[in-house]
Amino acid sequence: VRLVESGGGLVQSGGSLRLSCAASGFTFSRYAMRWYRQAPGKERELVATITSADGSTNYADSVKGRFTISRDNAKNTVYLQMNSLKPEDTAVYYCNVLFSSSLWAWGQGTQVTVSS
């Protein structure tokens, strides 16, 4: 199983970024996918989830209305479109897949830095 995030970078407040997570080693279309983030000195938090069945989505209150999670099962890729970025969105963003209650996989993370 491999998850590879890309698309992070430095952006000014109010700007946009699109993160990508390329998955391999498992049947991507069968599993819900998640984006988490971890800011310095803080716990990792769930940002967004997209289901496998109907592609329904769920977001943390802090990003609702600004971030959009999507997936392309033909490309085995999940995306996170981030608009109206704020300095408090600065974090390392991680892609995650949960296979069972005791088995999951993480990507290596991609740094997002939002300057004020």
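Scroll up for the structure.
Residues numbered from 1 in each chain as written. Predicted model: local features only at pLDDT ≥ 70, side-chain atom pairs only at ≥ 80, totals over all residues. Heavy atoms only, no water.

(A) Local environment of the side chain of Arg-34. Along the chain, Arg-34 turns up in strand S4 (residues 33-38). Buried charge without a partner: Arg-34 forms no salt bridge, and the closest opposite charge is Asp-54, 12 Å away. (Helix = DSSP H or I, 4+ residues; strand = E, 2+ residues; numbered from the N terminus. Buried < 20%, exposed > 50% of the residue type's maximum accessible area, 1.4 Å probe, protein only. Lys, Arg positive; Asp, Glu negative; His and termini not counted. Salt bridge = Lys/Arg side-chain N within 4 Å of Asp/Glu carboxyl O.)

(B) View of the packing of aromatic side chains. For the structure on display, the rule yields six aromatic pairs. Arranged with centres 4.9 Å apart and planes meeting at 85°, the rings of Tyr-31 and Phe-99 form a pair that is edge-to-face. One end of the pair, Tyr-31, is in the loop between strand S3 (17-24) and S4; the other, Phe-99, is in strand S9 (residues 91-100), and 68 residues separate them in sequence. A residue is classified by how much of its surface remains accessible, and Tyr-31, at 26% relative accessible area, is partly exposed. Taking the centre distance of 6.3 Å and the plane angle of 85° together, the rings of Tyr-94 and Trp-106 count as edge-to-face. Separated by 12 residues along the polypeptide, Tyr-94 in strand S9 and Trp-106 in strand S10 (residues 103-106) bring together distant segments of the chain. An aromatic cluster is present here, built from Phe-26, Phe-28, Tyr-31 and Phe-99 joined pairwise through their rings. Between the NZ or CZ atom of Arg-44 and the centre of the ring of Trp-106, over which it lies, the distance is 4.5 Å. (Phe/Tyr/Trp six-rings, centres within 6.5 Å; stacked < 30°, edge-to-face > 60°. Lys NZ or Arg CZ within 6 Å of the ring centre and 35° of its normal.)

(C) Representation of the pairing of strand S7 (residues 67-72) within the structure. Burial of S7 is one-sided: the residues Phe-67, Ile-69 and Arg-71 facing one way are buried, the residues Thr-68, Ser-70 and Asp-72 facing the other way are not. Strand direction decides the pairing type here: S7 and strand S8 (residues 77-82), joined by six bridges, are antiparallel. Directly across from Thr-68, in S8, lies its bridge partner Gln-81. What sits between S7 and S8 in their antiparallel hairpin is a turn of four residues, with Asn-76 showing a positive phi close to 50°. (Pairing = 2+ DSSP bridges.)

(D) Here's a closer look at the environment of Val-4. By the secondary structure assignment, Val-4 is in strand S1 (residues 2-6). On the basis of relative accessibility, which here comes to 31%, the residue Val-4 falls in the partly exposed class. Between the C-alpha atom of Val-4 and that of Trp-106, which follows or precedes it by 102 residues, the distance is 8.7 Å.

(E) Quick look at the state of the cysteines. What the rule picks out here adds up to one disulfide. Disulfide pairing places Cys-21 opposite Cys-95 at an S-S distance of 2.1 Å. On the S-S bond that ties Cys-21 to Cys-95, the torsion sits near -80°, and the link is left-handed. With Cys-21 in strand S3 and Cys-95 in strand S9, this pair connects stretches of sequence that are 74 residues apart. Here Cys-21 falls in the buried class, since its relative accessible area comes to 0%. A relative accessible area of 0% places Cys-95 in the buried class. (Disulfide = S-S within 2.5 Å.)

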